[in-house]
Amino acid sequence: MNFSEVFKQTNQLCKVSPDGKYLATCVQYRLVVRDVSTLQILQLYTCLDQVSHMEWSSDSLFILCAMYNRGLVQVWSLEQPDWHCKIDEGSIGLVSSRWSPDGRHILNTTEFHLRVTVWSLCTKAVSYIKYPKACQKGIDFSRDGRYMALAERRDCKDYVCVFVCDDWHLLRHFETETQDLAGLEWSPNGCVLAVWDSCLEYKVLLYSLDGRLLSTYSAYEWSLGVKSVSWSPSSQFLAIGSYDEKVRILNHITWKKITQFEHPAIIDNTKTVYKEAEKRPGVGSDEMPLHNITMGATLFNTQSKYEICPLPVQIPVVKPDPDRASPKIGISVLAFSSDSRYLATKNGGFQVQSLNWHCSGDSLILLGKEQLCLCYMDTDQEDK
Amino acid sequence: MPESSTVKDVLSSSVECRTSPLRRFSLSALHRNSLGVFCSEDNVQECLSHISQEVSSFGLRPAWTEPGSGSELNIVAALNCMYDLIQLHRRGLRTLENMEVEQLKSNSNVDFLQLSTTRLKEQLEISKRENTGLLERERQLQLKVKSLQNCLKNEKEEVQKLQNVIASRASQYNHEMKRKEREFNKLKERLNQLLVDKKEKKQAIDVLNNIGRADGKRSLWKTEKMEAKHEGEMYKTLLSDYDTRQRELQLENAELRKVLQQMKKDMVSILSSRKPAAKGDKHEHGGTQAASEEEDDEAFDSSKESVELYCVHAREKLTNSIRLQWRRLKSHVERLDSQVSSAQTGESKSTDAVPRETHEEEMDRLKLEIQQCKDFIQAQQQLLQQQLSSPCDEETASLLSDCYMLQEKERLGDEWKTLEEQRKIFERERRNFTEAAIRLSHERKAFEEDRATWLKHQFLNLSPFSDSKKPSLSKSKSAFLISAETDSSAAVAPEKFIKHRSESPRCVPLTSPSTADLYRTLCLIPEDSSTKPKRKTEHVEESSVFCGNAPVRHKRWDGIQDRTLSQEKNSSI
């Protein structure tokens, strides 16, 4: 594997454009745009303050740079370098900023989550959305970019607002049966919205696009509940990772659990192959906890040599302090491969920041704090 | 009592008297003492000596000394002796009494002891039972104690878990509360800051120029139509999703249904193939019942195979039948497994020996059947060979070659013959008809000519020179007749002709005969009163009756008819 020279960046703000041609990095208050193939600097922009958040627009024409301290958002154009746009939230402050799916609107969440301001770059119009909820994942756009779901908290009750991204028309507004809504996520086909409760209560609710409650799922009571949720790309499965170190998979027809995967400390079987009962060709899910992939050799070994350990393998588990809130146990990261065949999970306090699958579905990249690891899936066995 | 005792004494003494001579006196004593008395006049001395010996043996003073006098009895001594004997006897009786009493006592003691032992044994039994009962209770209580201890342990664990849960929840709540408090504080600070801060920074956007929409279209106003459109689009998305899902499920259902059908077919085939072999094995459930069920299933199969199983009942039937077959297959496999395991362990259980025996019986029976069939086939083969190789006449051969179809063939031949005859008849009739038609035309022509000549004659006869023409007419007429007729019945015609010749001049109007008359003469249409058998005769009569119109023609037709009739007669034979 070849590595290029090292470029400076701050805040881990380094993103490739959606069309894959450009690479944008932020260095302090500068925004550097490079060509991906040659890594030559194409554009250089200067923002007014240190950039806290940087995001490409969906058509790769604009870059958003948000400076939360100053409450400013600056938008830069790739086509027209001298085009500029500055959004000042004023005294109300800025907590987060993001693009809308069409790449022409910017949603700014003000401080204290007072409101979400929708700025239109086409018409300079402003819309306000009141009472957004401050939670793990309060806003989600559907994959086709047509609808936006936003969590709302009003009068000590949770609501979900569904907006049409075209003209920000409020399509649906319904109350959810959650105690304290922690997050929501659209299914990839855009027809089902998964809503889950905070970790104090294990509850996952599934709403249809028009606001009807399709199903509720709750695995157990009292213990800490859902930690992470992920849809499979085919919208057939919903994987729920919880604090009890188990991943439960629901199917989209009955919304009932079809299987669950455990992450025991001692691993006896490296592969559990599960073929779902629907007999779809080639669809199954192969559970490989992260530690399996490393196969016993340390991830942090500087020589990066991997060896195959004989079974059973004992995973070094650090028991987290149970008295602390949000303990570092449970499944925190879930990632489906693109053909829904594999599910990669991260359990416990391993130093893995992200899991990402290659779009072909047979290789996985793990990003640690200081290392990265590429895993290739063989049809029969894990390798590399 | 004493009297009886004395009597007893006397009796006993007499007995003794009787016995002792038998003892002491041997043969000689027996001869003498036939009366049974101890002492008689003869043996007084011996008796005396004997008694004195006896008395002395008892320890008593002898009654008398051994004198030379002999027969003198010392009465005093004898009485003393007797008295001593009596005392002795009394003493004996007393001791006997005592001993009897003592025996009674000991008997009653024994009884008492026996009773007490039985009672004690019973008590022992009872106490043993109580003991076992108590032991049992103790065991049960111990078990209960153990289970309660387990419960307690579980409860403790659960309590511990719940405590952990509560602890974690509490920490979570505390954390949240702290976070909220921090946020609240920040809010308060911010509010203070804002109150203090005079300069309020407003929100603003500063764009160089508007940029177009991503899709290039103009943005639309928010109207109700737009809202409706959005709703519509949303529902469209949902519907299309449901559609695709339903289609996929349908495909899946079809596949699964196919698989189920296949499975069912396989299972039925397996079960039916092993049915004849395992008929002897069925010792658990009636073979007839199973057979009928399988027949039902097979019938069901054939009838429902082509029908799509879309209705709930058919689906249920399919699943139920599959479950049934599967259960049967499972039981069969289990039975086989048990047989195999018992064969492996070498135990000869009666239940397993039975199917083996019956199986062997089956085998023998089948072998026998096979042998019989083979023999049968051999025999048939031989017969067939014989049949083919044996010499036979051509007639019989030809007969035998088609012996199965003989009857049919004969019938067919007969029918064919009749058909042929009919065909010939029709042919003949047609020919006759055509001939008749030809003749008719000829004769008509002749008649016309004749008429013409006759008219000419008449016309000419008006003149005085007509007589010379007469014989020529007759000649021409006869010539006509001769030319028209061909058969021997021409003899008839001239007669009639002669008969009618005289009449012919009288018949003035000569109209050509109508087709009806023609047909009638040819008897192609039936007369009003004619019947078939009388046909010929009537026509002959009619021919004589019809003399009004064209008698000549009539007669000619009649002749023809006669000829045809005769021809028919010939042909029918």
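Rules used throughout
Residues numbered from 1 in each chain as written. Chains lettered and ligands numbered in written order. Predicted model: local features only at pLDDT ≥ 70, side-chain atom pairs only at ≥ 80, totals over all residues. Heavy atoms only, no water. UniProt positions renumbered as here; feature names shortened; annotations may be inferred. Helix = DSSP H or I, 4+ residues; strand = E, 2+ residues; numbered from the N terminus. Buried < 20%, exposed > 50% of the residue type's maximum accessible area, 1.4 Å probe, protein only. Contact = heavy atoms within 4.5 Å. Areas by Shrake-Rupley, 256 points an atom, 1.4 Å probe, with all protein chains shown as cover. Buried area = accessible area lost by both parts, 1.4 Å probe. Salt bridge = Lys/Arg side-chain N within 4 Å of Asp/Glu carboxyl O. Polar contact = N/O pair within 3.5 Å; in protein donor to acceptor, adjacent residues only side chain to side chain. Nonpolar A, V, L, I, M, F, W, Y, C, P; charged D, E, K, R; others polar. Pairing = 2+ DSSP bridges. Expected span 1.5 Å × (residues − 1). Axes fitted to C-alpha atoms, helices over the stretch in contact; angles between N-to-C directions. Core = buried A, V, L, I, M, F, W, Y, C linked by side-chain atoms within 4.5 Å. Patch = residues over 30% accessible without salt bridge, like charges linked within 9 Å, V, L, I, M, F, W, Y side chains within 5 Å. pLDDT = per-residue confidence, 0-100. Phe/Tyr/Trp six-rings, centres within 6.5 Å; stacked < 30°, edge-to-face > 60°. Lys NZ or Arg CZ within 6 Å of the ring centre and 35° of its normal.

- The name that an unreviewed UniProt entry assigns to chain B is Synovial sarcoma, X breakpoint 2 interacting protein b, with the source organism given as Amphiprion ocellaris.
- UniProt's Sequence similarities (unreviewed entry) comment on chain B is quoted here verbatim: "Belongs to the ADIP family."

- As annotated in an unreviewed UniProt entry, chain A carries the name WD repeat containing, antisense to TP73 and is attributed to Amphiprion ocellaris.

**Examining the overall build of chain B**
Next, step 1: Helix and strand counts for chain B stand at 15 helices and one strand.
Next, step 2: A buried classification covers 21% of the 573 residues belonging to chain B.
Next, step 3: A separation threshold of at least 6 residues defines the contact pool for chain B, and within that pool the share at least 24 residues apart is 57%.
Next, step 4: Counting every atom, chain B has about 43,900 Å² of accessible surface; 58% of that belongs to carbon and sulfur.

**Some words on the overall build of chain A**
Next, step 1: Of regular secondary structure, chain A possesses one helix and 34 strands.
Next, step 2: Residues counted as buried form 54% of the 384 residues belonging to chain A.
Next, step 3: Residue pairs at least 24 apart in sequence account for 38% of intrachain contacts in chain A once pairs closer than 6 positions are excluded.
Next, step 4: Per element, the accessible surface of chain A, about 17,600 Å² overall, is 50% carbon and sulfur.

**Brief notes about the interface of chain A and chain B**
Next, step 1: Taken together, the contact pairs 58 residues of chain A with 46 residues of chain B.
Next, step 2: Together chain A and chain B conceal approximately 4,900 Å² of surface at their shared face, both sides included; 54% is due to carbon and sulfur atoms.
Next, step 3: The largest per-residue losses of area from chain A upon contact with chain B belong to Ser91, Phe112 and Leu200 of chain A, which jointly make up 14% of the total buried on that side.
Next, step 4: At the junction of chain A and chain B, the tally comes to three salt bridges.
Next, step 5: A salt bridge links Glu233 of chain B to Arg146 of chain A, with the nearest nitrogen and oxygen atoms 3.8 Å apart.
Next, step 6: Our enumeration of links across chain A and chain B arrives at 11 residue pairs in polar contact (both at pLDDT 80 or more).
Next, step 7: Listing elements by their share of the side of chain A that touches chain B, those giving two or more residues are β8 (84-88), β11 (115-120) and β16 (169-175) of chain A.
Next, step 8: Of the residues contributing to the side of chain A that touches chain B, the split by class is 24 nonpolar, 13 polar and 21 charged.
Next, step 9: Pairing of β8 of chain A with strand β1 (residues 204-207) of chain B, which is carried by four bridges, proceeds in the antiparallel orientation.

**Let's talk about helix α3 (residues 44-58) of chain B**
All names here are of chain B.
Next, step 1: When the terminal C-alpha atoms of α3 are compared, their 21 Å separation across 15 residues agrees well with the 21 Å that a helix rising 1.5 Å per residue should span.
Next, step 2: Residues Cys47, Leu48, His50, Ser52 and Val55 constitute the buried set of α3.
Next, step 3: After α3 finishes, the residue Gly59 shows a positive phi value of roughly 95°.

**Topic: the sheet that holds strand β3 (residues 30-35) of chain A**
Residue and element names in this part refer to chain A.
Next, step 1: Pairing in this open sheet of four strands is antiparallel, and the strands run β1-β2-β3-β4 from one edge to the other. Among the strands making up the open sheet, the edge pair consists of β1 (14-16) and β4 (41-46). On average, each strand axis in the sheet is inclined to that of its neighbour by 15°, with strand direction left out of account.
Next, step 2: With five bridges connecting them, β3 and β4 associate as antiparallel partners.

**Some remarks on the nonpolar core**
All names here are of chain A.
Next, step 1: Ranked by internal contacts, the top residues of the largest apolar core, which has 35 residues, are Tyr147, Val160, Leu193, Val195, Leu206, Leu238 and Ile240.
Next, step 2: No other element matches the five residues that strand β18 (residues 192-197) contributes to this core.
Next, step 3: Those residues in contact with Leu193, other than ones at most four positions away along the chain, are Ala149, Val160, Leu184, Glu185, Trp186, Leu205, Leu206 and Tyr207.

**Concerning unusual backbone geometry**
Residues and elements named next belong to chain A.
Next, step 1: In this structure, His113 takes a positive phi of about 55° despite not being glycine.
Next, step 2: Assignment of secondary structure puts His113 in the loop between β10 (105-109) and β11.
Next, step 3: Of note in this structure, Trp168 is not a glycine but carries a positive phi near 55°.
Next, step 4: Mapped onto the secondary structure, Trp168 falls in the loop between β15 (157-164) and β16.
Next, step 5: On the accessibility criterion, Trp168 (8% relative accessible area) is buried.

**What to know about the pairing of β11 of chain A**
Residues and elements named next belong to chain A.
Next, step 1: The element β11 is largely enclosed, with a buried count of five among its six residues.
Next, step 2: Pairing geometry for β10 and β11, over five bridges, is antiparallel. Considered in β11, the bridge of His105 is made with Ser120.
Next, step 3: Turn length for the β10-β11 hairpin, with the two strands adjacent in sequence and antiparallel, is five residues, and the turn residue Phe112 shows positive phi of about 60°.
Next, step 4: Two elements, β11 and strand β12 (residues 126-130), share five bridges in a ladder whose sense is antiparallel. Its bridge partner being in β12, Thr117 is matched across the sheet by Tyr128.
Next, step 5: Linking two consecutive strands that pair antiparallel, namely β11 and β12, is a turn of five residues; a positive phi of about 60° is found at Lys124 within it.

**Digging into a nonpolar patch on the surface**
Next, step 1: Taken together, Trp222 of chain A together with Leu162 and Ile166 of chain B make up a surface patch of nonpolar side chains, about 330 Å² in accessible area.
Next, step 2: Among the secondary structure elements, Trp222 of chain A is positioned in the loop between β20 (213-217) and β21 (226-231).

**A short note on the confidence of the model for chain A**
Next, step 1: For chain A, per-residue confidence averages 79 on the pLDDT scale, and 80% of positions sit at 70 or higher.
Next, step 2: Low pLDDT (under 50) marks residues 380-384 of chain A, which in the prediction has 12 contacts with non-local residues, meaning those over four places away or in another chain.

**Some details on the side chain of Arg248 of chain A**
Residues and elements named next belong to chain A.
Next, step 1: For Arg248, the position within the fold is in strand β23 (residues 246-251).
Next, step 2: The class for Arg248 is buried, based on a relative accessible area of 5%.
Next, step 3: In this structure the side chain of Arg248 is engaged in a polar contact, spanning 3.3 Å, whose partner is the side chain of Ser242.
Next, step 4: Setting aside residues up to four positions removed in sequence, Arg248 forms contacts with Tyr202, Tyr217, Ala219, Tyr220, Leu238, Ala239, Ile240, Ser242, Lys257, Thr259 and Gln260.

**Overview of the packing of aromatic side chains**
All names here are of chain A.
Next, step 1: Evaluation of the coordinates by the stated rule reveals nine aromatic pairs over all chains.
Next, step 2: Centre to centre, the rings of Tyr45 and Trp76 are 5.0 Å apart; their planes meet at 20°, and the pair counts as stacked. Placement of Tyr45 in strand β4 and of Trp76 in strand β7 (residues 72-77) is noted, with a sequence separation of 31 residues between them. Neither Tyr45 nor Trp76 differs from the other in exposure class; each is buried.
Next, step 3: Ring-pair connections join several aromatic residues into one group, and the members of that group are Phe62, Trp83 and Trp99.
Next, step 4: One cation-aromatic arrangement involves Arg34 over Phe7; the distance from NZ or CZ to the ring centre is 3.7 Å.

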